[in-house]
Amino acid sequence: MNIIPVDEIQAELLKANIQKQNFPKNSGFTFDPLYTHIVSQMKTMEISSECILYSSVEASNTTKEFSNKAYWHERVAQSEIDTFWFFGQNGQGDLWLFDSQNTVHFYDHDKEEMHPKNFLNLKLNFGQWLQLAFLVKQLDEVYDTVGKINTKTLLEFKEHLQAISRHLSENYPFRIG
């Protein structure tokens, strides 16, 4: 396993060469340019077992859907709801989202109502999230090939999490091992 450089990940994601989609101009968000560049040129894609990256259209539609106050705790103001952008999921009802600072958060649907206190701040930017997604993809490939993850591989995975971001192994939202 290794941490793949962001420029290699970008090339991998964009190799399908689909027609560029317009990115929503009225979102009120200032996005990381890497994010808008990638998601406006790809279809929604499952990168790994835990990381599905939405296309710009699907991200916009999902964010629009989840900005409905009915999904949120009653004490969360609409102005606060509007500071989040949903950019992906894990396929099990959990969501990946940005805050207004382009910091990645994870929402576990078992937390029920949405509330910022229920969002796990991973302290990652989008490039780091991509590196995480591709690291998980490599772990998936080991599991698919061998049928289990041994202790050495788990330790290596945790070391790579730490290398992506200092606290990622502590904040990683899924059980490791």
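## Details of the overall build of the chain
Then comes step 1: Counting secondary structure elements, the chain contains seven helices and six strands.
Then comes step 2: Overall, the chain shows an N-to-C arrangement of helices and strands of α-α-β-β-α-α-β-β-β-β-α-α-α.
Then comes step 3: Against the globule reference of 16 Å for 177 residues, the chain gives a C-alpha radius of gyration of 16 Å, in line with a compact fold.
Then comes step 4: Projected onto its principal axes, the C-alpha positions of the chain cover 45 × 40 × 25 Å.
Then comes step 5: Residues classed as buried in the chain amount to 46% of the 177 residues present.
Then comes step 6: Nonlocal contacts in the chain, meaning residues at least 24 apart in sequence, comprise 54% of its contacts between residues at least 6 apart.

## Brief notes about the environment of T36
Then comes step 1: Note that T36 resides in helix α2 (residues 33-39).
Then comes step 2: When the C-alpha positions of T36 and N118 are compared, they lie 26 Å apart, and in sequence the two are 82 residues distant.
Then comes step 3: If sequence neighbours within four positions are ignored, T36 has contacts with F23 and F31.

## Focus: a negative patch on the surface
Then comes step 1: Taken together, the side chains of E74, D110, E112 and E113 make up a negatively charged region of the molecular surface.
Then comes step 2: Looking at where E113 falls in the secondary structure, it is placed in the loop between β5 (104-107) and β6 (119-121).
Then comes step 3: According to the relative accessible area criterion, E113 is partly exposed, its value standing at 41%.

## Focus on unusual backbone geometry
Note: most peptide bonds trans; most residues except glycine with negative phi.
Then comes step 1: In the Ramachandran plot, N102 falls in the positive-phi region, its phi being about 65° despite a non-glycine side chain.
Then comes step 2: Using a relative accessible area of 15% as the deciding quantity, one classes N102 as buried.
Then comes step 3: At E112, a residue that is not glycine, the phi angle is positive and equals roughly 65°.
Then comes step 4: Relative to the helices and strands, E112 resides in the loop between β5 and β6.
Then comes step 5: The exposure class assigned to E112 is exposed, which follows from its relative accessible area of 65%.

## Comments concerning the packing of helix α5 (residues 126-146) against helix α6 (residues 151-164)
If you want to describe how two helices pack, look at the angle between their axes and the distance between the axes.
Then comes step 1: One way to put it is that α5 packs onto α6 with a least axis distance of 10 Å and a crossing angle of 175°. Here α5 is positioned roughly antiparallel relative to α6, judged by the angle of their axes. Contact residues: Q128, Q131, L132, L135, V136, L139 and V142 in α5; T153, F157, H160, L161 and I164 in α6.
Then comes step 2: Across the contact of α5 with α6, the residue classes tally to eight nonpolar, four polar and no charged.

## A word on the side chain of H105
Then comes step 1: Within the secondary structure layout, H105 lies in strand β5.
Then comes step 2: Within polar-contact distance, the side chain of H105 engages the side chain of D99 at 2.9 Å.
Then comes step 3: The residues contacting H105, other than those within four sequence positions of it, are L95, W96, L97, F98, D99, F119, L120, N121 and L122.

What counts and how
Residues numbered from 1 in each chain as written. Predicted model: local features only at pLDDT ≥ 70, side-chain atom pairs only at ≥ 80, totals over all residues. Heavy atoms only, no water. Helix = DSSP H or I, 4+ residues; strand = E, 2+ residues; numbered from the N terminus. Rg over C-alpha atoms; globule rule 2.2 N^0.38 Å. Buried < 20%, exposed > 50% of the residue type's maximum accessible area, 1.4 Å probe, protein only. Contact = heavy atoms within 4.5 Å. Patch = residues over 30% accessible without salt bridge, like charges linked within 9 Å, V, L, I, M, F, W, Y side chains within 5 Å. Areas by Shrake-Rupley, 256 points an atom, 1.4 Å probe, with all protein chains shown as cover. Salt bridge = Lys/Arg side-chain N within 4 Å of Asp/Glu carboxyl O. Lys, Arg positive; Asp, Glu negative; His and termini not counted. Charge placed at Lys NZ, Arg CZ, Asp CG, Glu CD. Axes fitted to C-alpha atoms, helices over the stretch in contact; angles between N-to-C directions. Parallel < 35°, antiparallel > 145°, perpendicular 65-115°, else oblique. Nonpolar A, V, L, I, M, F, W, Y, C, P; charged D, E, K, R; others polar. Polar contact = N/O pair within 3.5 Å; in protein donor to acceptor, adjacent residues only side chain to side chain.

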